[in-house]
Structure formats: C-alpha cells, structure tokens
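Structural characterization, general
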Amino acid sequence: MQIDRLDAALIRLLVDTPRIGVVECSRRLAVARGTVQARLDRLREGGVIRGFGPDVDPATLGFPVTAFMTLEIRQGQGRDVRKHLECVPQVLEVHTITGRGDLLCRIVARSNAHLQQVIEAIVELDAVVRASTTIATENPVPYRVLPLVECAVTEG
C-alpha cells in the first residue's frame, strides 16, 4: 500500500501520542477532521495500522527474561504445533521461517529456571523434533516502525 507524507505524519502522531483523538489529530496536522478519519480508515483497511492497543512491557509484568526459540517440527504437524504454542501464555509471537528450523518463537519468562519450564512446556509435543533457544541479554533497538514508514514515503 502506498502512503504519503500526510499518512506518515498521522502514523508518527499516533505512535508519539497513542491516546490522541481524531479532532486533535486534525488540529495538529492542520487538515480537516474528515480527512484524518478517511486516512485512518484507509490505513486500517489496508492493514498498515493493525491496532490501537497499549504497548505492554513483559518485564514490568514480572517476565524480564526474553528468549528466541527455533523449533524443528515433523512434516504435516504445523497446525498442531501452532495450536499448542497458542496455549502457552509466555509465547509472545511465532514466525514460520526458512533455513534451520521451521518456527521462530519469542518467549518470555520470570527467570532462567522458569524459562526452562516454559521450554519444557513447548517441547512436550511429539511434533517438536528439535529446539534451540537463545536468551536475549539486551534490546538495543526495540521494535520500531517509524523509520520504515519514512522510508516507504521517500522510496514509494
């Protein structure tokens, strides 16, 4: 989906002040309220904006350990493994991948000992052939999209 400078400015405003209303967006961007609403609707329908929920930090909830786990699974068992992973609350996200392994999971835990319990809960499924876990020690570049938004406008 193509975005322009106004779309990018709207996205930046929503990232910087997530609780801002449409009227305040229109005032700060110096465009009509209807324009902001139409842009928001288009960006949501196009899948650019996926939600307006709070950005929750797992560490503040008592889960300071973050790890990435690569799973190798038996052929044809992907659906079962995905359903199993959805039942483990410490699994924050799962990606299908190429290369070594089939799935990459981001998981959190309360401690290294708890991480071991989470790993055991994940690999208890017979469909998991092999697992490899890497503990994250620091997050120097947290998840971000604004540089990509700016890039999409300038390269678009």
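So, here's what we can say about the structure.

What counts and what doesn't
- Residues numbered from 1 in each chain as written.
- Predicted model: local features only at pLDDT ≥ 70, side-chain atom pairs only at ≥ 80, totals over all residues.
- Heavy atoms only, no water.
- Helix = DSSP H or I, 4+ residues; strand = E, 2+ residues; numbered from the N terminus.
- Rg over C-alpha atoms; globule rule 2.2 N^0.38 Å.
- Buried < 20%, exposed > 50% of the residue type's maximum accessible area, 1.4 Å probe, protein only.
- Contact = heavy atoms within 4.5 Å.
- Phe/Tyr/Trp six-rings, centres within 6.5 Å; stacked < 30°, edge-to-face > 60°.
- Lys NZ or Arg CZ within 6 Å of the ring centre and 35° of its normal.
- 1 Å grid on protein atoms, 1.4 Å probe; cavity = no way out; pocket = protein on both sides within 12 Å on 5 of 7 lines; lining within 4 Å.
- Points joined across faces, edges and corners; volume = space filled by probe spheres on them.
- Nonpolar A, V, L, I, M, F, W, Y, C, P; charged D, E, K, R; others polar.
- Axes fitted to C-alpha atoms, helices over the stretch in contact; angles between N-to-C directions.
- Parallel < 35°, antiparallel > 145°, perpendicular 65-115°, else oblique.
- Left-handed = near helix turned anticlockwise from the far one by under 90°.
- Arc of directions from axis to C-beta.

With that settled, consider the overall build of the protein. Each helix and strand counted, the protein has 6 helices and 4 strands in total. The helix and strand sequence of the protein, counted from the amino end, reads α-α-α-β-α-β-β-α-β-α. The C-alpha atoms of the protein give 20 Å as radius of gyration, which overshoots the globular expectation for 156 residues (15 Å, by more than 25%). In terms of overall dimensions, the protein has C-alpha extents of about 55 × 35 × 25 Å along its principal axes. Counting over 156 residues, the protein shows a buried share of 28%. For the protein, contacts bridging at least 24 residues in sequence account for 67% of all contacts bridging at least 6.

To continue, consider the environment of Ala 30. Checked against the element boundaries, Ala 30 lands in the loop between helix H2 (22–29) and helix H3 (33–45). For Ala 30 and Ala 109, which are 79 residues apart along the polypeptide, the C-alpha to C-alpha distance reads 45 Å.

This part takes up the packing of aromatic side chains. Under the definition given, this model contains 0 aromatic pairs. The aromatic ring of Phe 63 is capped on one face by Arg 110, whose charged end is 4.1 Å from the ring centroid.

Right, let's get into the layout of surface pockets. Put simply, the largest pocket is a space of about 1,800 Å³. As for the largest pocket, its lining consists of 42 residues, of which Arg 50, Asp 55, Tyr 143, Arg 144 and Val 145 are closest to the centre. Breaking the lining of the largest pocket down by element, the ones donating at least two residues are helix H1 (5–16), strand S1 (65–73), strand S2 (91–96), strand S3 (103–109) and helix H6 (146–155). Element by element, the count of residues in the lining of the largest pocket is highest for H6, at 5 residues. Class assignment of the residues belonging to the lining of the largest pocket gives a composition of 28 nonpolar, 7 polar and 7 charged.

Now for the packing of H2 against H3. Where H2 meets H3, the closest approach of the two axes is 8 Å, and the angle between their N-to-C directions is 110°. As far as their axial angle goes, H3 and H2 are roughly perpendicular. Between H2 and H3 lies a crossing whose hand is right-handed. The segment H2 lies against H3, with Val 22, Val 23, Cys 25 and Ser 26 engaging Arg 33, Val 36, Gln 37 and Leu 40. Its residues assigned to classes, the contact of H2 with H3 shows 5 nonpolar, 2 polar and 1 charged.

This brings us to the environment of Ile 11. Positionally, Ile 11 belongs in helix H1. A C-alpha to C-alpha distance of 33 Å links Ile 11 and Arg 110, two positions 99 residues apart in sequence.

This part takes up helix H4 (residues 78–86). Every buried residue of H4 is listed here: Gly 78, Val 81, His 84 and Leu 85. Seen along its axis, H4 keeps its buried residues to an arc of 125°; they face one direction. With respect to the buried face of H4, the exposed residues turned more than 90 degrees away are Arg 79 and Glu 86. Buried residues in H4 make contact with S1, S2, S3 and helix H5 (112–123).

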